[in-house]
Amino acid sequence: MTSVKFTILALAKKIWPKVTAYALLGVVSALAAVFFKGYIPEELTKIVGAETAGNILTILASSMLAVTTFSLSTMVSAYGAATSNVTPRATRLITEDKTTQNALSTFLGSFLFSLVGIIALNMGLYEGGGRFVLFVFTIGTVIFIVVTFIRWIDRLTTLGRVNETNSLIEKAATKALMLRAHKPSYGCNRLETLPDSLLEKNALNADSGGYLQYFDAKKLSSLAEEHKADVYVVSMPGKYVTKGTPLAMLTRELAPELHTALRDCFTIAEQRTFEQDPRFGLCVLAEVASRALSPAANDQVTAIDIIVRAGRVLEVFVVERKEEAAEFKRLWVPDLCLDDLFQDSLNPV
C-alpha cells in the first residue's frame, strides 16, 4: 500500500537514484562532444593537442575509482560507528546525508565520464572540434571534483561521530514535529472520541502487518467526498498494525473494491520513519540516552545532552503549534498528545 508522492520522497532520500543520475550525466557529457564538434571554430581546435584531454582522462579514471572505493569504505565505517556508539536507527540518517551522497555520485559519475571519454577518443570519434569540447568538459569536471572533494574531506571530520549523529536525530525529530505543529490534524477535523454510531463491520482494516508510515489525507478525502462517507482515522503514522487492525472507521458500508482504494491511501512498511512519525525521533533520542547510561558505556554526559536536545524538540512543538481550519471536511484525525511525547523522550531515560 503506497502513495506515489510518498514513494517519490522516499526515493529522493536514497543514494542510488542520485548516483545513477550522475553516472548517466557523465556518460552523456562524454558523448556530447561528438555531437557538438561541428559547431567549434577551426582556430579553437588547434589549441588542444590530440593527447591533452586523453592524458587528463586517464588520470581521472584511475584516481576516481580509488577515491570512490575509499569513500565507500569510509561510509561503512561511519555506519558501524553510529550503530555501536549511538543506535542502529541513526544509520538511515547518515545514508541520507546530502554531502555524502553528492560526493559518491560525483566520483562515480566522473569515473564513467573519463572511461567513456577514453573509449570514444581511442575510437577516433573526437575529430577537430570534438577534442576541444571534450577538453572543456574535462576541465569543468576537474573543478567540480575539487570542490566536491574539499567538502567531502570537511564532512569526514564529523561523519559518524556521536555528537554529530545525535544532532542529525534531533534535526529529523524537530522537522517532523514542526510539520505536525503547523498541521496538528493534517488538515482534517480533530478527533477526540469516536461516535457510538460507528459499526465494526464498516472498519477499514489493514491487509498486511508492519508500521504505518504515511497516509494520504488528500486522496483519502477525495474518495470520502466521492462516496459521501465520513472517515475516522484511528491508526496514525508510527503505529504497528497487523492484518485486520482497523486503520479507519467509516460511517457507511462501502463495496470491497472501495475498501481497497481507501486502503491504498495508507503506506505500511517494515520500519518506522522520521518524516511523518514525530514520536519516532524522540524514541530514538531516548534510546541513545539509555544506551549511554548502560554499564558498558557509562556516559552520563551524552545522556544529559540527549535530555537537552529532547527539551528543544518538545519546545518546538509547543511554540510552533498552530490552530488550523479543517481542509478535509470528511476526515477526522486524532491529535498528537504532548504527554505521549514526554513519555517517549524522557521515561526510558
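Residues numbered from 1 in each chain as written. Predicted model: local features only at pLDDT ≥ 70, side-chain atom pairs only at ≥ 80, totals over all residues. Heavy atoms only, no water.

## Topic: the packing of aromatic side chains
Note the threshold: Working definition: a ring pair exists when centres of Phe, Tyr or Trp rings (six-membered ring for Trp) sit within 6.5 Å. Plane angles under 30 degrees give stacked, over 60 give edge-to-face, the rest tilted. Only DSSP runs of H or I with at least four residues qualify as helices, and only runs of E with at least two residues qualify as strands; both kinds are numbered from the N terminus onward. We call a residue buried when its accessible area falls under 20% of the maximum for its residue type, exposed when it is over 50%, and partly exposed in between, using a 1.4 Å probe and counting protein chains only.
A full pass over the atoms with the stated rule returns six aromatic pairs. Between Tyr186 and Phe215 the ring centres are 5.1 Å apart and the planes differ by 75 degrees, which places this aromatic pair in the edge-to-face class. With Tyr186 in the loop between α8 (162–182) and β1 (188–191) and Phe215 in strand β3 (residues 210–215), this residue pair connects regions lying 29 residues apart in the sequence. Here Phe215 and Phe266 contribute two aromatic rings whose centre-to-centre distance is 6.0 Å and whose plane-to-plane angle is 25 degrees, an arrangement assigned as stacked. Highlighted residues: Phe215 in strand β3 and Phe266 in strand β7 (residues 266–269), separated in sequence by 51 residues. Of the residues examined, Phe215 reaches a relative accessible area of 2% and is grouped as buried. Aromatic ring contacts, followed pair by pair, group Tyr186, Phe215 and Phe266 into a single cluster.

## What about the side chain of Asp216?
Test applied: Charge counting follows a simple rule: Lys and Arg are positive, Asp and Glu are negative, and His as well as the terminal groups are ignored. When a carboxyl oxygen of Asp or Glu is within 4 Å of a side-chain nitrogen of Lys or Arg, the pair counts as a salt bridge.
Considering the arrangement of structural elements, one finds Asp216 in the loop between β3 and α9 (217–226). One buried charge, Asp216, has no salt-bridge partner; the nearest side chain with opposite charge is Lys219, at 6.0 Å.

## Focus on helix α10 (residues 256–263)
We apply this condition: Our arc is simply the arc of the directions from the helix axis toward the C-beta atoms. Whether two residues touch is decided by their heavy atoms; if any such pair falls within 4.5 Å, the residues are in contact.
Those residues of α10 that sit buried are His259, Leu262 and Arg263. The buried residues of α10 all sit within an arc of 100 degrees when viewed along its axis, so they share a single face. Contacts from the buried residues of α10 go to β2 (203–205), α9, β6 (246–250) and β7.

## Some details on the environment of Ser290
Relative to the helices and strands, Ser290 is located in helix α11 (residues 278–292). Along the sequence, Ser290 and Ile306 sit 16 residues apart, while their C-alpha atoms lie 9.7 Å from each other. Setting aside residues up to four positions removed in sequence, Ser290 forms contacts with Pro348 and Val349.

## What to know about the confidence of the model for the chain
How we decide: For every residue, the pLDDT score states the predictor's confidence, bounded by 0 at the bottom and 100 at the top.
For the chain, per-residue confidence averages 83 on the pLDDT scale, and residues scoring 70 or more make up 92% of the total. Highest mean pLDDT in the chain belongs to strand β5 (residues 240–241) (93); lowest belongs to helix α3 (residues 42–45) (61).

## As for the sheet that holds β3
Heads up, the rule is: DSSP calls a pair of strands paired once it identifies at least 2 bridges connecting them.
Within the open sheet, the three strands sit side by side as β5-β3-β7. Their pairing is antiparallel. Pairing within the sheet leaves two strands with one partner each, and these edge strands are β5 and β7. Both β3 and β5 contribute to a ladder of two bridges, which runs antiparallel. By the bridge assignment for β5, Tyr211 is matched with Tyr240.

## Things to note about unusual backbone geometry
The backbone phi angle of Lys228 is positive, close to 55 degrees, even though this residue is not glycine. Looking at the element boundaries, Lys228 is found in the loop between α9 and β4 (231–233). The exposure class assigned to Lys228 is exposed, which follows from its relative accessible area of 55%. Positive phi is not limited to glycine here, since Asn298 has a value of about 50 degrees. Tracing the backbone through its elements, the reader meets Asn298 in the loop between α11 and α12 (300–320).

## Some words on the sheet that holds β1
Heads up, the condition is: Comment: axis = line fitted to C-alpha atoms, over the contacting stretch for helices; angle = value between 0 and 180 degrees taken between N-to-C directions.
In space, the five strands of this open sheet follow the order β1-β8-β4-β6-β2, with mixed pairing throughout. The open sheet has two free edges, formed respectively by β1 and β2, since each of these has just one partner strand. Going from strand to strand, the sheet's axes swing by 30 degrees on average, the running direction of each strand aside. Where β4 meets β6, three bridges bridge the pair, whose relative direction is antiparallel. Looking across to β6, one finds that Val233 is bridged to Ala248. The strands touched by α9 within the sheet are β1, β4 and β8 (328–334), with β8 carrying the most contacts at an inclination of about 125 degrees.

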